[in-house]
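An overview of the molecular structure
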Amino acid sequence: MTGLVYKSTGSWYTVKSEKGDFIECRMKGKFRMKGIKSTNPIAVGDIVDYELEETSDTLTGTIHKIHERKNYIVRKSVNLSKQIHIIASNIDQVFLLITIDNPPTTTSFIDRFLVTAEAYGIEAVLIFNKIDTLNEQTLDDQLYLQHVYQEIGYKCLRISSTENKGVDKLKEMMIGKVSMFSGHSGVGKSTLVNAMEPSLHLKTTVISEQSKQGQHTTTFAEMYDLSFDARIIDTPGIKGFGIVDMEPSEISGYFPEFFKLKDQCKFNNCLHKEEPHCAIKAALEKDEIAWSRYNSYLKILEGDEEHYRTDIYGDDRAASDETRK
């Protein structure tokens, strides 16, 4: 029998059958996905084949095959640096929730997420959440970031779940699709899902005023069927987003504004650092590329890990400020 994985807890998987029944399944033996060294061989969104088995009064199943994925999105495993963690698979679009100060989302985190989405062929949309909490300064910061990413070509939404602003527009974008929500803990993923589908009653918590960080409310990735012909994958909040298995020469190809200019560089193998006649560096000096994006590129290129608590503009705030004038 064939079904769709709706929840993964690491050892048990909730699978929805073709008839619409939910069955708790285990994995049969060890799966070795070709070319993938993953801590979780089965992910939410996977289409699987399983066999039913009856143990006492409970109907369970055993998964023995994973169908080929059309895509998946990953991050570096927290504990095993040489392995990846598959966040979800077979996704139509991913929404990255961003908050300016409640908690802060860094441009480094945003850019690493977008690079990964580009690399795995998944459309990414940026949601600037909790706009009702912005003051004059943070509103300016939010509008600036939105301008940066819209200029690149990314879709951006401004949303307030508590005041129901922008929620209907988001729902329209989700109809008929499988959408994944991601972001730091505390950015309001569960609250936003509850605003779209109140009957789900997803657990939410309050941001710590002292640390400005959120607490994990979603423990495992889980898919939900929504009443307006949409599916959503809600994911645990993540602090860092390590880039996985990218050659230095290919990284700039996942920055759309860099990719447009790459063929104008003097050298085909230009890494856009110290090379002469570099089109990306020339565009940077003309403020045609944001310094925050270039700083993110350099960090990824040099293999620096993304840290949670940094300024939202990255390390070079002065350079970023110059682009805002």
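Residues numbered from 1 in each chain as written. Predicted model: local features only at pLDDT ≥ 70, side-chain atom pairs only at ≥ 80, totals over all residues. Heavy atoms only, no water.

Structural notes on the overall build of the protein chain
Put simply, the rule reads: In this text, helices come from DSSP runs of H or I with a minimum length of four residues, and strands from runs of E with a minimum of two, each type numbered from the N-terminal end. Each residue is placed in one exposure class: buried if its accessible area under a 1.4 Å probe, protein chains only, is under 20% of its type's maximum, exposed if it is over 50%, and partly exposed if it falls in between. Here, residues are in contact when the closest pair of their heavy atoms is within 4.5 Å. Each accessible area value is a Shrake-Rupley result obtained with a 1.4 Å probe; residue values ignore everything except the protein chains displayed when judging cover.
Per the secondary structure count, the protein chain includes 9 helices and 13 strands. Put simply, the protein chain has 325 residues, and 53% of those count as buried. The long-range share in the protein chain, meaning contacts at least 24 apart out of those at least 6 apart in sequence, stands at 65%. Taken as a whole, the protein chain presents about 16000 Å² of accessible surface, with 47% of it coming from carbon and sulfur.

A word on the pattern of salt bridges
Condition: A side-chain nitrogen of Lys or Arg and a carboxyl oxygen of Asp or Glu constitute a salt bridge if their distance falls within 4 Å.
Per the counting criterion, the structure on display carries 10 salt bridges. A salt bridge links Lys16 to Asp225, with the shortest nitrogen-to-oxygen separation between them at 2.7 Å. Remark: Asp225 occurs in strand β12 (residues 222-226) and Lys16 occurs in strand β2 (residues 13-17); sequence separation between them is 209 residues. Residues Glu123 and Lys155 are paired through a salt bridge, measuring 3.2 Å at the closest nitrogen-oxygen approach.

As for the environment of Gly45
Among the secondary structure elements, Gly45 is positioned in the loop between β3 (22-27) and β4 (47-55). A relative accessible area of 3% means that Gly45 is categorised as buried. Those residues in contact with Gly45 that lie beyond four places of it in its chain are Leu4, Val5, Ser89, Asn90 and Met223.

Some thoughts on helix α4 (residues 189-196)
Among the 8 residues that make up α4, 6 are buried, leaving the element largely enclosed by the rest of the structure. Along α4, the residues that are buried comprise Lys189, Ser190, Leu192, Val193, Asn194 and Met196.

Topic: the packing of aromatic side chains
Quick reminder of the rule: Under the pairing criterion, centres of Phe, Tyr and Trp rings, with the six-membered ring standing for Trp, must be within 6.5 Å; the plane angle then separates stacked pairs below 30 degrees from edge-to-face pairs above 60, leaving the rest tilted. A ring is considered to have a charge above it if a Lys NZ or an Arg CZ atom is located within 6 Å of its centre and within 35 degrees of its normal.
Within the structure shown, the criterion is met by 8 aromatic pairs. Ring geometry for Phe255 against Tyr297: centres 5.8 Å apart, planes inclined by 90°, an arrangement best described as edge-to-face. In this pair, Phe255 sits in the loop between α5 (248-251) and α6 (256-259) while Tyr297 sits in helix α8 (residues 291-302), placing the two residues 42 residues apart along the sequence. Residue Phe255 shares its accessibility class with Tyr297, and that shared class is buried. On the numbers, 6.3 Å between centres and 85° between planes, the contact of Trp291 with Tyr294 is edge-to-face. One end of the pair, Trp291, and the other, Tyr294, are both in helix α8, 3 residues apart, so they sit about a helical turn from each other. Here the aromatic residues Phe255, Phe258, Trp291, Tyr294 and Tyr297 are joined through ring pairs into a cluster of three or more. Directly above the aromatic system of Tyr72 lies the positively charged group of Arg69, at a separation of 5.7 Å from the ring centroid.

Concerning α8
So the rule is basically this: Here the expected length of a helix is defined as 1.5 Å per residue gap, with one fewer gap than residues.
Here α8 contains 12 residues, and its C-alpha end-to-end distance of 16 Å stays within 8% of the 16 Å for a straight helix at 1.5 Å per residue. A large share of α8 lies buried, amounting to 11 of its 12 residues. Of all the residues in α8, the buried ones are Trp291, Ser292, Arg293, Tyr294, Asn295, Ser296, Tyr297, Leu298, Lys299, Ile300 and Leu301. Following α8 by one or two positions, Gly303 adopts a phi angle in the positive range, close to 80°.

Re a nonpolar patch on the surface
Selection criterion: Patch construction takes residues with relative accessible area above 30% that form no salt bridge. Like charges are linked within 9 Å, and nonpolar side chains (Val, Leu, Ile, Met, Phe, Trp, Tyr) are linked within 5 Å.
A surface patch of nonpolar side chains, about 280 Å² in accessible area, is lined by Met1, Leu52 and Leu59. Inspection of the secondary structure assignment puts Leu59 in strand β5 (residues 58-66). You can call Leu59 partly exposed: its relative accessible area is 43%.

Some details on the nonpolar core
What counts here: What makes a nonpolar core is a set of buried Ala, Val, Leu, Ile, Met, Phe, Trp, Tyr and Cys residues whose side-chain atoms join them at distances within 4.5 Å.
Of all hydrophobic cores here, the largest spans 33 residues; its most connected members are Ile73, Leu126, Tyr149 and Met180. Mapped by element, the contributors of at least two residues to this core are β1 (2-8), β7 (84-89), β8 (93-98), α1 (107-119), β9 (123-128), α2 (136-152) and β11 (178-182). Those residues in contact with Ile73 that lie beyond four places of it in its chain are His85, Ile86, Ile87, Ala88, Ile91, Phe113, Thr116, Ala117, Ile122 and Met180.

Some points on the side chain of Ser89
Here Ser89 shows up in strand β7. Ser89 gets classed as buried once you look at its relative accessible area, which sits at 0%. Look past the residues within four positions of Ser89 in its chain and what remains in contact with it is Ala43, Val44, Gly45, Asp46, Arg69, Asn71, Tyr72 and Ile233.

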